[in-house]
Amino acid sequence: PCTTPGAGRALARLAKRLDVARIVVLPDAGGLAAAHLPGGIILLNRALVEDYDDPAVPAGHVLAERARAGLSDPLGRLLADAGPLATLRLLTSGALPGAALDHHAETLMTSPPAPVPPAALLAEMGAAEISSRPYAYALDITGESVLPLIEGDPMRGRLPRRVLADGDWLRLQAICGN
């Protein structure tokens, strides 16, 4: 994972703000934008913090993963990928075989994420007091395929809570050394 001391603190503040255990920024996540792991860990592609001017974009991805985790238990998905023998080994020894973890990581990196119903995502964003518009336009600059997120913005007509302080956002944008 990418890390610098200042950016690490900014990530911790972002994780606390979005009510997740930990956020990890990956330097090379392939085509993966974000993913969730057991234990409330959210993975973000470095492009989400480097390529956008608004911290609401990565925050939207974190909230989408949090919603997705609520729809599909990440530990259940890991155990299903690992198979019954690896699950039995976990139960008896407390460890999963490395090959099972490698397979699960490969599956996460290459499989398209399960869709999150717009209502569930809008509820997450409303609870966090974050506008859904920056996230929606990051997914589709035309807005056509994300119209429910744009029109249903829970912060429409209201002032969203600040996602991160400006200094934290700048430190976070430099987390991978760029």
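Below you will find a few notes about this structure. (Residues numbered from 1 in each chain as written. Predicted model: local features only at pLDDT ≥ 70, side-chain atom pairs only at ≥ 80, totals over all residues. Heavy atoms only, no water.)

**Observations concerning unusual backbone geometry**
Phase 1: The backbone of D19 sits at a positive phi, close to 60°, despite the residue not being glycine.
Phase 2: For E129, which is not a glycine, the phi torsion comes out positive at approximately 60°.
Phase 3: Judged by its relative accessible area of 27%, E129 falls in the partly exposed class. (Buried < 20%, exposed > 50% of the residue type's maximum accessible area, 1.4 Å probe, protein only.)

**Focus: the pattern of salt bridges**
Phase 1: Inspection of the entire model under this criterion finds five salt bridges.
Phase 2: The closest approach of N and O atoms between R68 and E65, which form a salt bridge, is 2.3 Å. With a gap of three residues between them, R68 and E65 both fall in helix 3 (residues 56–71), about one helical turn apart. E65 shares its class with R68; the two are buried. (Salt bridge = Lys/Arg side-chain N within 4 Å of Asp/Glu carboxyl O. Helix = DSSP H or I, 4+ residues; strand = E, 2+ residues; numbered from the N terminus.)

**With respect to the nonpolar core**
Phase 1: By size, the foremost hydrophobic cluster in this structure holds 39 residues, and its most contacted members are I23, L121, I130, L172 and I175.
Phase 2: Sort the elements by how many residues they give to this core and helix 3 lands first, with seven residues.
Phase 3: Judged by nonpolar contacts, the second largest core, of six residues, contains V24, L26, L32 and L43. (Core = buried A, V, L, I, M, F, W, Y, C linked by side-chain atoms within 4.5 Å.)

**Let's talk about the packing of helix 4 (residues 74–82) against helix 6 (residues 98–110)**
Phase 1: It is at 9 Å that the axes of helix 4 and helix 6 come closest, and there the two elements cross at 115°. The interaxial crossing formed by helix 4 with helix 6 has right-handed handedness. Residue-level inspection shows R77, L78, D81 and A82 of helix 4 in contact with helix 6, the latter providing A100, L101, H103, H104, T107 and L108.
Phase 2: Residues belonging to the contact of helix 4 with helix 6 are distributed by class as follows: five nonpolar, three polar and two charged. (Axes fitted to C-alpha atoms, helices over the stretch in contact; angles between N-to-C directions. Left-handed = near helix turned anticlockwise from the far one by under 90°. Contact = heavy atoms within 4.5 Å. Nonpolar A, V, L, I, M, F, W, Y, C, P; charged D, E, K, R; others polar.)

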